Amino acid sequence: MLGLGRLKIVGVVVLVLGLAAGGAFALGVLGVPSVEGVQNHFAGVSDETTTVHTNLTVNNPNPVGVSLGGTAVNYTVSMNDVPIASGDKQGLSLSTGNTTIPFSTRMRNEQIPAWWHTHIENGETTRVLIDAQVTSSLAGGRSVSLTQDETIETDIVGQFNSSETRPVDANQPLISDPVLYINETSGSWDRANLTESETPMDLDFTVYNPKSYPYTVSKIGYTVSMNDVTVGDGETEKGYTIGPGETETIEADTVIRNDRLDEWWVTHLERNQVTDLYIDFYFVLEGGGESFRIDSDAIDYQKTIETDIFGNKAEYPTGTNGSDGSGSGDDAEDGSGSESTATETETATETDDGGLLGGDDGTATDGDGSAETATATSTETATATETATPTDDGGSTATETDDGILSLAV
């Protein structure tokens, strides 16, 4: 009888605590969890997909742990409105203070040509937009969101511009070198003819003929490679005649085939977001009774492209083994020393444009959950907004955990 009486008393206390807690949320006495920070990094790449690992830090401002059956966390990552990653989790279990919730989603690499097109169209500028949102059934269904906005810029074609004079040798028997001098080079993207399948470049050589007889440039050929992946090649048959002691501007237009960029993207991440761009030119010259091909380094173009899309590649380098550089893309530990108590499953939906695959098996554990700053060539802003939408009023229960922390199930 005594044991039964104690059991009834405990049951009454739990019921009272549950009703009191539910009323406290409804009255706004207890706070609604919010997104404190979001961090993304590339955690691996294959020929077909790129894994994006996301850590969302959610703050529970209440002095008790909360099990939120009616709460969902959603996040999206886009580059110039091209979807890179998207996912959601529901039924969260949060300790007091900050809890880091891990996500892993996979982007299809075939999205890269679409992003590249927008990057060039925007003047080699990409806006990386990260939006994370917590929607809860607590206190009338408030929704709290955090947005991070980062700008990434490159200068790929601009460095083709040069006023350095370079001698061009034929390296042919019975022909004295140099046969030409390149006095200036200039380049720009041909945005008027930019399409989703092709990226044209307008490249010009200002050439001087030091000989006493004219030269005719009958053909101009090129091969564009990015990390040894050929992304464009071709040959033009424009005829340019350069008189003795005269200067002529030669147009050497090139085209990048966008459908080859998904293969390049794999190498870009494998090399920790570094690319060596190389354009190998050749001229076919006719003059002085000779016809010969010039394939000289003096007329070639090379440029190193480096990006830091999420602003944290020094902390999370993507190596050639496809890992995130922290030992395992799915087993990084929380840098704050605490582990997330969330045990819920992960889902990810495919967008209409086929940009996303489903999430992984949910084995990923916490990252450090801290928001990163952008590189010196990037700018980043973060804003938080809060909205409220009506939801059904659900019941609440309260239980006491082994460590004595009251956990609310809503």
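Just so we're clear, the structure is a prediction, and the values are computed from it rather than from any experiment.

Draft legend 1. Spotlight on the overall build of the chain. For the chain, the count of helices and strands is three helices and 22 strands. Per-residue burial over the chain gives 48% buried out of 410 residues. Pairs at least 24 residues apart make up 73% of the contacts formed inside the chain by residues separated by at least 6 positions. Accessible surface computed for the chain: about 18900 Å², of which carbon and sulfur atoms make up 48%.

Draft legend 2. Examining the nonpolar core more closely. Counting residues in each nonpolar core, the largest one holds 76 residues, and the members touching the most others are Trp-116, Val-179, Phe-205, Trp-264, Trp-265, Phe-281 and Leu-285. A per-element tally of this core places strand E11 (residues 215-226) first, with six residues. With residues up to four places along the chain from it excluded, the contact list for Phe-281 reads Phe-160, Leu-203, Phe-205, Gly-221, Tyr-222, Ala-252, Thr-254, Ile-294, Asp-295, Ile-299 and Asp-300.

Draft legend 3. Structural context of the pairing of strand E16 (residues 274-287). Within E16, ten of the 14 residues are buried, which leaves it mostly tucked inside the rest of the structure. Of the pairings in the sheet, the one linking E11 to E16 comprises ten bridges and is antiparallel in character. In the strand pairing of E16, Met-226 is matched with Leu-277. As judged from the six bridges shared by E16 and strand E18 (residues 301-306), these two strands associate in the antiparallel manner. Paired with Thr-275 across the strands is Ile-305, a residue of E18. Across five bridges, the pairing between E16 and strand E17 (residues 290-294) is antiparallel. By the bridge assignment for E17, Phe-283 is matched with Ile-294. Counting the residues between successive antiparallel strands, the hairpin from E16 to E17 contains two residues, one of them, Gly-288, with a positive phi of roughly 65°.

Draft legend 4. Spatial organisation of the packing of aromatic side chains. Under the defined criterion, the tally for this structure stands at 15 aromatic pairs. Judged by centre distance (5.1 Å) and plane angle (80°), the ring pair of Phe-160 and Tyr-301 falls under edge-to-face. With a gap of 141 residues between them, Phe-160 in the loop between strand E7 (142-153) and strand E8 (166-168) and Tyr-301 in strand E18 connect regions that are remote in the sequence. Joined through ring pairs, the aromatic side chains of Phe-42, Trp-115, Trp-116, Trp-189, Trp-264, Trp-265 and Phe-310 make up one cluster. Of note, Arg-293 hangs over the ring of Tyr-282, and the distance from its end group to the ring centre comes to 3.6 Å.

Draft legend 5. Structural context of the packing of helix H2 (residues 112-121) against helix H3 (residues 261-270). Close contact between H2 and H3 brings their axes to 8 Å; oriented N to C, the two are set at 90°. Taken together, the axes of H2 and H3 are roughly perpendicular relative to one another. Counted together, Ile-112, Pro-113, Trp-115 and Trp-116 of H2 and Leu-261, Asp-262, Trp-264 and Trp-265 of H3 form the full contact between these two elements. Tallied by class, the residues present in the contact of H2 with H3 amount to seven nonpolar, no polar and one charged.

Reading the values: the criteria
- Residues numbered from 1 in each chain as written.
- Predicted model: local features only at pLDDT ≥ 70, side-chain atom pairs only at ≥ 80, totals over all residues.
- Heavy atoms only, no water.
- Helix = DSSP H or I, 4+ residues; strand = E, 2+ residues; numbered from the N terminus.
- Buried < 20%, exposed > 50% of the residue type's maximum accessible area, 1.4 Å probe, protein only.
- Contact = heavy atoms within 4.5 Å.
- Areas by Shrake-Rupley, 256 points an atom, 1.4 Å probe, with all protein chains shown as cover.
- Core = buried A, V, L, I, M, F, W, Y, C linked by side-chain atoms within 4.5 Å.
- Pairing = 2+ DSSP bridges.
- Phe/Tyr/Trp six-rings, centres within 6.5 Å; stacked < 30°, edge-to-face > 60°.
- Lys NZ or Arg CZ within 6 Å of the ring centre and 35° of its normal.
- Axes fitted to C-alpha atoms, helices over the stretch in contact; angles between N-to-C directions.
- Parallel < 35°, antiparallel > 145°, perpendicular 65-115°, else oblique.
- Nonpolar A, V, L, I, M, F, W, Y, C, P; charged D, E, K, R; others polar.

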